[in-house]
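The lines below spell out each chain.
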Amino acid sequence: MGRRSSASWLALIYALLVVYASLYPFWPWRWPAGVQGLGVLVLHWPRYWLSFDIWANALGYAPFGLLLFAAVVRSGGTERAAWLAVLLGLPAVPYLMETLQYFLPGRVPSLADWCLNSAGAVAGGVLGWLLHRLGGLARWHGWRERWFVPQSAGALALLALWPVGLLFPAPLPLGLGQWLPRLRELSAQALDGTPWALQDTDFANLVELPLPPGQEAIAVALGLLGPVLLALSVARPGWRRLLLVLGATLTGALVTTLSTALNFGPQHAWAWIGPTAWPGLCAGLVLSLLACLMSRRANAAWGLVALTVLIALITEAPTDPYLAQTLQTWEQGRFINLYGLAQWVGWVWPFAAIAWLLWGVTQRER
């Protein structure tokens, strides 16, 4: 019987991210000018090349090929089935994305992009095959069996995505899930031109007050505690839990530093460690170490509480004006298709983790 693999979840999530990166901004849809009938099925070579486009299109599909090959093999499929999925299935995905770009005026379909995407996917499949042949996938399975319970694939996929969400600058360090400002913008756009349209005066009196220092520190602590409790809810008892806590803390700090360096310059890489972030990070580490003593179901239950409070605090946190200016620069540049992926992961991750923990609380410990 095939077993559920975290690679399957990651491959599915990566497929959704590929769709986002390929079809953003998803509007407006219209028939391409000068193209008739089946002409939308024909791709052409681009008139010019950018080095960024070359390596981005090639490398962007390499993890997809690796994850798909691993997902098929780890779920009980044969190498032949995995190769059929990589060689036949994956080239069809970028071809569909490129042809759909005909209907989006802001996107340019390209035969070169399809070739690079397909080559990257095959390269990822070759890497997955080599890992399988050299025993890397089997070693991963053995490592996972020693560290985590069998029903942990979804949680491990979420934990792998957590650093991706941290790449998009958060209002507070490790603070994911701030969806209210963008929801306000989307609602204003949706109601524009209707009797219920929101006026500028509706937001004129809206004053975003900063959170008190104590609440900021609590939010930072919960930003670390949430993913740690998710990991401990599927981790086996023992000394390995301490390494999971230390690894999560180090990962969160390093990825936040990388995000700060990318957005505000390398000279400001450690600027996020302020008078509230440092105590919050230490408090989150202490609480995470204490959580190692609890059962898996208790960690899942407290993880629900931690992530719910985190979302409530982050929703009330104001948007940094310097951050908003930096994001505007990103959105006007060529990185929006890649950078927007991290933004969506940061918005959705706490809610997806809550959904998984709700399922974990109902499971009986064995």
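Below is a summary of the structure that appears in this document. (Residues numbered from 1 in each chain as written. Predicted model: local features only at pLDDT ≥ 70, side-chain atom pairs only at ≥ 80, totals over all residues. Heavy atoms only, no water.)

1. Quick notes on unusual backbone geometry
What counts here: Strands here mean DSSP runs of E at least two residues long; helices mean DSSP runs of H or I at least four residues long; both are numbered from the N terminus.
For L174, which is not a glycine, the phi torsion comes out positive at approximately 70 degrees. Of note, L174 is situated in the loop between α6 (153-167) and α7 (180-191).

2. Side note on the environment of G60
Inclusion rule: Whether a residue is buried, partly exposed or exposed follows from its accessible area with a 1.4 Å probe, protein chains only, as a fraction of its type maximum: under 20%, in between, or over 50%, in that order.
Among the secondary structure elements, G60 is positioned in helix α2 (residues 51-74). We classify G60 as partly exposed; its relative accessible area is 25%. Sequence spacing of G60 and V18 is 42 residues, and the spatial spacing of their C-alpha atoms is 8.3 Å.

3. So, the packing of aromatic side chains
The way to describe two aromatic rings as a pair is by their centre distance and the angle between their planes. This is how the line gets drawn: Paired rings are identified among Phe, Tyr and Trp, the last through its six-membered ring, by centres lying within 6.5 Å, and are further divided according to the angle between planes into stacked (under 30 degrees), edge-to-face (over 60) and tilted (the rest).
Scanning the model with the defined rule gives six aromatic pairs in all. An angle of 70 degrees between the planes, with centres 5.4 Å apart, marks the rings of W31 and F103 as edge-to-face. With a gap of 72 residues between them, W31 in the loop between α1 (6-23) and α2 and F103 in the loop between α3 (79-100) and α4 (111-133) connect regions that are remote in the sequence. A relative accessible area of 19% means that F103 is categorised as buried. Centroid distance W356 to W359: 4.9 Å. Interplanar angle 40 degrees. Geometry classified as tilted. Taken as a pair, W356 and W359 lie in helix α14 (residues 336-361) at a separation of three residues, close to a single helical turn. Looking at W359, the relative accessible area reads 33%, which means it is partly exposed. Linked through ring pairs, Y14, Y61 and F64 together constitute an aromatic cluster.

4. Quick look at the side chain of T249
The criterion, for reference: What makes two residues a contact is simply this: any of their non-hydrogen atoms within 4.5 Å.
Examined against the element boundaries, T249 turns out to sit in helix α10 (residues 240-264). For T249, a relative accessible area of 12% translates into the label buried. In this structure T249 touches L224 and L285, once residues within four positions along its chain are discounted.

5. Here's the deal with a nonpolar patch on the surface
Counted only if it meets this: In this scheme, patches are assembled from residues that exceed 30% relative accessible area and form no salt bridge. Like charges are connected within 9 Å, while nonpolar side chains (Val, Leu, Ile, Met, Phe, Trp, Tyr) are connected within 5 Å. Method for areas: the Shrake-Rupley scheme with a 1.4 Å probe, in which residue coverage is limited to the protein chains shown. Here a salt bridge means any side-chain nitrogen of Lys or Arg lying within 4 Å of a carboxyl oxygen belonging to Asp or Glu.
There is a patch of nonpolar side chains on the surface, built from W239, L242, L243, L246 and L289 and spanning about 480 Å² of accessible area. The element best represented in the nonpolar patch is α10, accounting for three residues. For L289, the position within the fold is in helix α11 (residues 277-291). For L289, a relative accessible area of 33% translates into the label partly exposed.

6. Quick notes on the nonpolar core
The test is simple: Side-chain atoms within 4.5 Å link the members of a nonpolar core, which is a set of buried Ala, Val, Leu, Ile, Met, Phe, Trp, Tyr and Cys residues.
With 52 residues, the main nonpolar core has F148, L230, L307 and W349 as its most contacted residues. Once residues within four sequence positions are removed from consideration, F148 is found in contact with W143, L156, A231, V234, A235, R236 and L244. Formed by 18 residues, the second largest nonpolar core is a distinct cluster that contains V72, V73, V86 and M97.

7. Brief notes about the pattern of salt bridges
Side chains that carry opposite charge are capable of pairing whenever their charged atoms lie near each other. Under the counting rule described, the total for this entry stands at one salt bridge. With a shortest N-O distance of 3.3 Å, R133 and E79 are connected by a salt bridge. Here R133, found in helix α4, pairs with E79, found in helix α3; they are 54 residues apart in sequence, far enough to count as distant. Assessed through its relative accessible area of 56%, R133 is described here as exposed. Residue classification places E79 among the partly exposed positions, given a relative accessible area of 22%.

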